[in-house]
Amino acid sequence: MAKLKYIADMNISPLTVSILCRAGYETIRVNKVLSASVPDEQILSYARDNEYVLITEDMDFSALLAVNGYDRPSVVSLRLSFSDPETVADRLIHILPACEGSLVDGCVVAVSDEVIRIRHLPIG
């Protein structure tokens with residue numbers, strides 16, 4: 001299986017990205033490749049065109065995928081009660097290995113404190 005690459009939305013801390021990189025996850029932040037103020041649709045397009053999995057706390061991305069019928073990019077949508085960088089990174093490091101196959105196939109992974117829900121793309 002190809003190694004996944006991750007792109008973190010601007011609402012994900014640079015410290016979280018750093019922790020993920022140290023844990024072996026190839027991860028960049030949106031502002032490394034796009035303006036920090038680009039519309040969500042442009043972030044989705046960049047992730048899709050460059051084969052990244054998007055990590056975000058913004059629920060708009062799931063809606064954009066559904067409305068447009070996209071089958072890519074995969075999105076990890078975080079809905080955690082604590083959003084400090086270490087907690088977010090720890091949760092991601094814990095759940096990403098179990099989701100890799102679905103992320104390769106195209107899905108939205110909704111991650112809460114206790115539950116992971118996987119919805120395959122396209123939605124609807």
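As a reminder, the structure under discussion sits directly above these lines.
Because the structure is predicted, anything quoted here is derived from the model rather than measured.

(A) Broad picture of the state of the cysteines. Tallied over the full model, the rule gives 0 disulfides. Cys99 carries a free sulfur, and the closest cysteine sulfur to it, the one in Cys107, is 6.8 Å from it.

(B) Layout of the environment of Pro73. Relative to the helices and strands, Pro73 is located in the loop between helix H3 (60-68) and strand E4 (75-79). By relative accessible area, Pro73 is classed as buried at 1%. For the pair Pro73 and Ile43, spaced 30 residues apart in sequence, the C-alpha separation works out to 9.9 Å. Aside from chain neighbours lying at most four places away, what touches Pro73 is Leu44, Ala47, Arg48, Tyr52, Leu65, Cys107 and Leu121.

(C) Broad picture of the side chain of Asp9. Relative to the helices and strands, Asp9 resides in the loop between strand E1 (5-8) and helix H1 (14-22). For the buried residue Asp9, which engages in no salt bridge, the nearest side chain bearing the opposite charge is Arg29, 7.8 Å off. With near-sequence residues (within four places) excluded, Asp9 lies in contact with Arg29, Val30, Ile43, Leu54, Ile55, Thr56, Asp58 and Phe61.

(D) Summary view of the layout of surface pockets. Volume-wise, the largest pocket comes out at about 260 Å³. Forming the boundary of the largest pocket are 14 residues, of which Leu4, Glu51, Tyr52, Arg72 and Val104 lie nearest the centre. Of all the elements in the fold, those that place two or more residues in the lining of the largest pocket are helix H2 (40-49), strand E3 (52-56) and helix H4 (85-105). In terms of residue class, the lining of the largest pocket is built from 8 nonpolar, 1 polar and 5 charged.

(E) Up close: the nonpolar core. The biggest cluster of nonpolar side chains holds 21 residues, and the ones touching the most others in it are Tyr6, Ile55, Val76, Leu78, Leu92, Leu96 and Leu103. Elements supplying a minimum of two residues to this core: E1, H1, E3, E4, H4 and strand E5 (107-112). Sorting elements by how many residues they give to this core places H4 first, with 6 residues. Each residue touching Ile55, except ones within four places of it in the same chain, is listed here: Tyr6, Ile7, Ala8, Asp9, Ile12, Leu20, Val76, Leu78 and Leu92.

Reading guide: rules and limits
- Residues numbered from 1 in each chain as written.
- Predicted model: local features only at pLDDT ≥ 70, side-chain atom pairs only at ≥ 80, totals over all residues.
- Heavy atoms only, no water.
- Disulfide = S-S within 2.5 Å.
- Helix = DSSP H or I, 4+ residues; strand = E, 2+ residues; numbered from the N terminus.
- Buried < 20%, exposed > 50% of the residue type's maximum accessible area, 1.4 Å probe, protein only.
- Contact = heavy atoms within 4.5 Å.
- Lys, Arg positive; Asp, Glu negative; His and termini not counted.
- Salt bridge = Lys/Arg side-chain N within 4 Å of Asp/Glu carboxyl O.
- 1 Å grid on protein atoms, 1.4 Å probe; cavity = no way out; pocket = protein on both sides within 12 Å on 5 of 7 lines; lining within 4 Å.
- Points joined across faces, edges and corners; volume = space filled by probe spheres on them.
- Nonpolar A, V, L, I, M, F, W, Y, C, P; charged D, E, K, R; others polar.
- Core = buried A, V, L, I, M, F, W, Y, C linked by side-chain atoms within 4.5 Å.

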